[in-house]
Each structure stands twice: as structure tokens, then as C-alpha cells.
Amino acid sequence: MRGDSGQRMRCLGLSVCFFLLASCTVTPLTNRIQVGDEAFVIAVGEGPDGQTDLFAAPAGGGAFTRLTYSRPEERLPRISADGKSVAFLRAASGVSGPPWSLVVLDLTSNGEHAAPLPADAGVPERLGWSRDGSRVVIKAQGYYSMAVLPGAAVVAHFPADSLALADSLTREVLGEPPHGIVDRCAGGGLCIVASTGEITPLDRAASDAVRWGADSVGYFVSGKFEVRPLAGGHSRRPDWTQAPAGLRQLSYNPGQVTTSSGVSGIR
């Protein structure tokens, strides 16, 4: 009886160990960034091997980590609202595009969901997510979307009667509640266009502007990334290290934040 009991205990112990190993997925961000909880960024850059890939870092400062190791070019990353996935474009044939594929990378499992853009798609310009996180939306002359669901992925035309929604989902909408968007200035550079119609230039040399939480906007100027409060005040620069060459096209996720009611949530 004692022998049988000991055997059962050993089997139970092995089963628990196998379960724990199976449930612990190691990704490039494991022990570096707590996706879904911690504020972080993902951007495009060139690694030491010269390949264009995605890199991630804590938003407030810290070391960049290489997220992808893909020979084809990657661009336009956009993190989902819950911080657990990133959508981006990857050259579908050869080292650079076109053609392009739309890819959704699960940051918790490192699994990918991908599909080629339709043959009639133009040059990809902007990516965004539906408000419920179930679809990725892309502007590539026209508007297209892909459902983030198990099974075969398909990029299809966005419904013709909802193009205004598609446009808003791919824009950098600023403020909380939203009261402006980032757009190109008539004379060059980037501007903030308020819902009242007021236009505020960022900088004639600004590029790749992105919503930075509820009260700021981030953008590149002369190769440096700055964060500017929407209400005015001094800009600041995150203290990042080990940044890849050609850092650009940055996407930001605030992680878990505290609302005015004191309840944690994702914005």
C-alpha cells in the first residue's frame, strides 16, 4: 500500500510539473516587460544584422529588447488596447514590400495570426484596432480589416457604409475624453487638429506622432523622441538605452492606469 501511495504521489508531482511547464510560455519580453500591466512601447528599428524588425522597451525608460527576428521588412506596429498583442505589416515576399501581409503577434504566447493584403490595396499608411479589440483596421489607399480570431485569417474591404469609422480607428486620437487628432499641417510637418477646429503645429520636423496616454503626444524630431503635454509645458525624453538604429514608427500602450474613480483599468 505504501508503495502504491508513493507511486501515486510521484505521478501527481510529475503531472503538476508538466502542467506548469506547459503553462509557462517564454517570449522575448518575458522578465523584461509585463505586457498588459506595464506601460511600454514597440517601434521599428534595424538590428546589428541590418534587418528591419520590431523592438520593445518600458515606456518611461530602460533597455530596448528585440521582439522579432524576421528577414522580411516590418513596419507600422500598433499595440492593442489591452497591451497583449501588436499588429504590424511584414513584407510578404522577399526582404522588402510590397506585397505586404498584416500580422497580429500575441505578446503573451508569441503566436502569430497573418494574412496578405488584397491585390488592390495601395501603399499602407496607418493601422488601428477596433474599440473592442476584435479587428485590426488598415488604411492602404482604401480601408481594410482583419478579424483577430482562431482559424484562417483574411484581410477584407471595410464596409463601405462605415469608412468614417475606419478612418477614426486608424488616427492618433488625443486627449481623454478625445478632443483632437494628429494630422499633416498644410505647410508641412504635423499638427494637432482640435474638435473645435483649432490647429496647433507640433514641429515642422516632427514625424510619427503617437497618442501618449490621456494627456500627452509623442513624436520624433531630428531622430530623438519627445513627449509633449497637451496642456502645454516642457517636453521630455524617455531615458532609453540599447535603442536600435533608425528607431521610428513607435506605438505606445499605457498598461494599467488608475481612473478618476480610483479603479484600475486600461486606456
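Heads up: the structure comes first, above all this text.
Here the structure is a predicted model, which is why all the values come from computation and not from measurement.

Reading guide: rules and limits
Residues numbered from 1 in each chain as written. Predicted model: local features only at pLDDT ≥ 70, side-chain atom pairs only at ≥ 80, totals over all residues. Heavy atoms only, no water. 1 Å grid on protein atoms, 1.4 Å probe; cavity = no way out; pocket = protein on both sides within 12 Å on 5 of 7 lines; lining within 4 Å. Points joined across faces, edges and corners; volume = space filled by probe spheres on them. Helix = DSSP H or I, 4+ residues; strand = E, 2+ residues; numbered from the N terminus. Nonpolar A, V, L, I, M, F, W, Y, C, P; charged D, E, K, R; others polar. Pairing = 2+ DSSP bridges. Axes fitted to C-alpha atoms, helices over the stretch in contact; angles between N-to-C directions.

Participant: Please set out the layout of surface pockets residue by residue, giving values where relevant.
Facilitator: What the largest pocket holds in volume is close to 770 Å³. Lining of the largest pocket is provided by 26 residues; of these, Ala-81, Trp-129, Leu-169, Arg-171 and Arg-211 occupy positions nearest its centre. Broken down by secondary-structure element, the contributors of at least two residues to the lining of the largest pocket are strand E5 (74–79), strand E9 (126–129), helix H2 (163–169), strand E17 (207–212) and strand E21 (245–253). By residue class, the composition of the lining of the largest pocket is 10 nonpolar, 9 polar and 7 charged. Volume-wise, the second largest pocket comes out at about 590 Å³. In terms of lining, the second largest pocket is formed by 21 residues, of which the most central are Glu-125, Arg-126, Arg-184, Leu-190 and Asp-208. Among the elements of the structure, E5, E9, strand E14 (180–184), E17 and E21 are those that each provide at least two residues to the lining of the second largest pocket.

Participant: Report on the sheet that holds strand E11 (residues 142–147), specifying residues and quantitative values.
Facilitator: Overall, antiparallel pairing links the 4 strands, which are arranged E9-E10-E11-E12 in an open sheet. At either margin of the open sheet sits one strand with a lone partner, and together these are E9 and strand E12 (155–157). In this sheet, neighbouring strand axes are inclined to one another by 30 degrees on average, regardless of whether the strands run parallel or antiparallel. Relative to strand E10 (residues 135–140), E9 runs antiparallel, the two being bridged by 4 bridges. Bridged to Arg-126 within E10 is Lys-139.

Functional significance is not addressed by these values, which are geometric in nature.
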